[in-house]
Amino acid sequence: MVGIDYFKRAIELSYQALAQGNDGFASVLAGPDGTILLEATNTAKTDGDITAHDAINLARAACKAYSPNFLAGCTLYATMEPCIMCMGAIYWAGIGHVKYAISEEEYSAMRGGGGLDLHSAEFAARCPRPLAVQGPCAEAREETLALIKAHIRAKTKAAP
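Fair warning: this is a prediction, and the values are worked out from it, not measured in the lab.

### Focus on the overall build of the protein chain
For the protein chain, the count of helices and strands is eight helices and five strands. In the protein chain, the order of α-helices and β-strands from amino to carboxyl end is α-β-β-α-α-α-β-α-β-α-α-β-α. For the protein chain, the C-alpha radius of gyration of 14 Å lies close to 15 Å, the compact-globule estimate for 160 residues. Counting across all 160 residues of the protein chain, residues that qualify as buried make up 48%. As displayed, the protein chain offers around 7900 Å² of accessible surface, 55% of which is attributable to carbon and sulfur atoms. With 14 positive and 17 negative side-chain charges, the protein chain shows a spacing of 4 Å between the two charge centroids.

This is the structure in structure tokens:
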């Protein structure tokens with residue numbers, strides 16, 4: 001598989017999350033050999049847990065299934081730039097690489113503000129062990145923008 005394939009899978013999962021009433025975000029974890037090891041979606045609404053972001057759900061599963069030494073060679077592919085809370089979970093799980101399609105800034109601009117100003121690369125730069133962050137990734141931009149627009153429409157319809 002190549003990078004775009006991981007993002008395409010994360011986008012498919014994001015649409016599934018939307019269909020289940022959750023926020024439309026998802027992540028996949030690729031092993032050092034390129035095999036998809038784990039997949040996770042945002043389940044905040046269905047779990048009744050605002051911390052159930054896709055990257056946190058994935059990091060929780062990853063640290064139960066694999067050693068930190070193994071996870072250091074793995075890559076988390078996310079439709080959305082992981083928030084600072086998610087980056088903490090990624091770091092503590094030991095995942096060594098993060099790639100995301102759309103930045104928090106771009107998402108925040110599309111939804112009219114309200115995002116966090118601490119980005120994943122800033123978090124990674126302060127970590128005592130290597131944590132590589134790459135994004136936004138242009139190869140997945142257009143498909144992810146369509147997903148984000150669907151996500152914003154779904155949130156607007158669900159607003160009281």
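The structure having been displayed, the exposition proceeds.
### Section: the environment of alanine 62
Inspection of the secondary structure assignment puts alanine 62 in helix α3 (residues 54–65). When the C-alpha positions of alanine 62 and leucine 13 are compared, they lie 17 Å apart, and in sequence the two are 49 residues distant. Sequence-distant contacts of alanine 62, that is, excluding residues within four places in its chain, are made with Leu29, Leu38, Leu71 and Ile95.

Procedures and definitions
- Residues numbered from 1 in each chain as written.
- Predicted model: local features only at pLDDT ≥ 70, side-chain atom pairs only at ≥ 80, totals over all residues.
- Heavy atoms only, no water.
- Helix = DSSP H or I, 4+ residues; strand = E, 2+ residues; numbered from the N terminus.
- Rg over C-alpha atoms; globule rule 2.2 N^0.38 Å.
- Buried < 20%, exposed > 50% of the residue type's maximum accessible area, 1.4 Å probe, protein only.
- Areas by Shrake-Rupley, 256 points an atom, 1.4 Å probe, with all protein chains shown as cover.
- Lys, Arg positive; Asp, Glu negative; His and termini not counted.
- Charge placed at Lys NZ, Arg CZ, Asp CG, Glu CD.
- Contact = heavy atoms within 4.5 Å.

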